[in-house]
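Each chain is listed here by its residues.
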Amino acid sequence: MGTEIPDVDEEGQKARLSSVSMAIRILKAFSGDDAEIGISELAKRLGIAKSTVHRLVVTLMAEDFLDKNPETGRYRLGLGLFGLGSLVRHRMDLSTEARTLLADLRQETGETVLLAVPAGREIMYIRTLASRQAVRISTEMGMRVPYHCTAAGRAILAFQPENHAATVTTAPMPARTPKTVTDPDRFRKLLANVRRQGYAIEDEESELGMRAIAAPIYDAQSEVVGSVAIAGPVQRLSLRNLNGLAEPLLSTARAISVRLGYGGPFGSDEF
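No experiment lies behind these values; they were computed from the predicted model shown. (Residues numbered from 1 in each chain as written. Predicted model: local features only at pLDDT ≥ 70, side-chain atom pairs only at ≥ 80, totals over all residues. Heavy atoms only, no water.)

**Brief notes about the packing of aromatic side chains**
In this structure the tally under the stated criterion is two aromatic pairs. Consider the rings of Tyr218 and Tyr262, whose centres lie 4.7 Å apart with planes at 15°: the pair is stacked. Residue Tyr218 is located in strand 7 (residues 210-218), and its partner Tyr262 is located in the segment after helix 9 (246-259); the two are separated by 44 residues in the primary sequence. Each of the two residues, Tyr218 as well as Tyr262, counts as buried. Ring-pair connections join several aromatic residues into one group, and the members of that group are Phe159, Tyr218 and Tyr262. (Phe/Tyr/Trp six-rings, centres within 6.5 Å; stacked < 30°, edge-to-face > 60°. Helix = DSSP H or I, 4+ residues; strand = E, 2+ residues; numbered from the N terminus. Buried < 20%, exposed > 50% of the residue type's maximum accessible area, 1.4 Å probe, protein only.)

**Remarks on helix 9**
End to end, helix 9 covers 20 Å across 14 residues, agreeing with the expected 20 Å (1.5 Å per residue, within 8%). Those residues of helix 9 lying buried are Ala246, Pro248, Leu249, Leu250, Thr252, Ala253, Ile256 and Ser257. Taken from the residues just after helix 9, Gly261 is the one with a positive phi, measuring 100°. (Expected span 1.5 Å × (residues − 1).)

**Focus: the sheet that holds strand 6 (residues 200-203)**
Spatially, 5-4-3-8-7-6 is the arrangement adopted by the six strands of the open sheet, whose pairing is antiparallel. The two strands at the open ends of the sheet, each matched to only one other strand, are strand 5 (144-146) and strand 6. Averaged over all neighbouring strand pairs, the angle between strand axes comes to 30°, with direction disregarded. With four bridges connecting them, strand 6 and strand 7 associate as antiparallel partners. Within strand 7, the position partnered with Glu202 by the bridge is Ala212. (Pairing = 2+ DSSP bridges. Axes fitted to C-alpha atoms, helices over the stretch in contact; angles between N-to-C directions.)

**What to know about the side chain of Arg106**
Positionally, Arg106 belongs in helix 4 (residues 79-109). Beyond its immediate sequence surroundings of up to four residues, Arg106 is in contact with Glu111, Val113, Leu129, Ala130, Ser131 and Arg132. (Contact = heavy atoms within 4.5 Å.)

**Some points on the nonpolar core**
Ranked by size, the top nonpolar core spans 30 residues in total, and within it Ile123, Tyr125, Ala152, Leu157 and Phe187 carry the most contacts. Mapped by element, the contributors of at least two residues to this core are strand 3 (112-119), strand 4 (122-129), helix 5 (151-157), helix 6 (162-169), helix 7 (184-197), strand 7 and strand 8 (224-233). Here this core gets five residues from one element, more than from any other, and that element is helix 5. Contacts of Ile123, omitting those with residues within four sequence positions, involve Ala116, Val117, Pro118, Met143, Arg144, Val145, Pro146, Tyr147, Thr150, Ala152, Gly153 and Ile156. (Core = buried A, V, L, I, M, F, W, Y, C linked by side-chain atoms within 4.5 Å.)

Take a look at the structure:
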């Protein structure tokens, strides 16, 4: 048997992952009791060579994840982490502010209600209220789904900056069902229609037997930070019935936006 030669790219990837892991351990070393730590102490606690710690600390400082106190020469968490934490807090605020309004919307419509936020190249449902009817749509909280085939995703994407929308329309858009729109030109027209009417429609494009309608949610900076959706089985939600849910949906999206501090115009005259 011959000697197996390690793949160079694979070895390089393992080294990078190891560095990421050590960088995370460095950040987790800080706490309320240890707000500032020196290189030697970090190396001792983590069992890592001082040269390695120093290299990682320099990288973390370049990304504003760590900061050096010029008076003590010790390191502390940087404002870059504060910014990331604010994004998480923002999602928590959205979920909290929307909770009672989503419950009211479910009560009014009798269908499943979903709250979604951007999650990289996908969206993520951060709150789900299942319909109380026997036949219903069930979606798990934390579930990630594509932008292109969901009403919740389109309602967000249609109001994002053009360069962000382009990342979706220029990438492959796999067909989840025979009805999924995968042609970029047709998809861009769908987004333009969402902007005109203020809400998005999904007709069995993510899952056969399901339809949905969704509207965007704005924050105090006038940015779309999420969407609220109503979903149900095609047996109850004909396209006509689905469009009939636009009024309560848009009213709920507006009320959530106002709670988040939004005071500008909305993307539809339906309000």
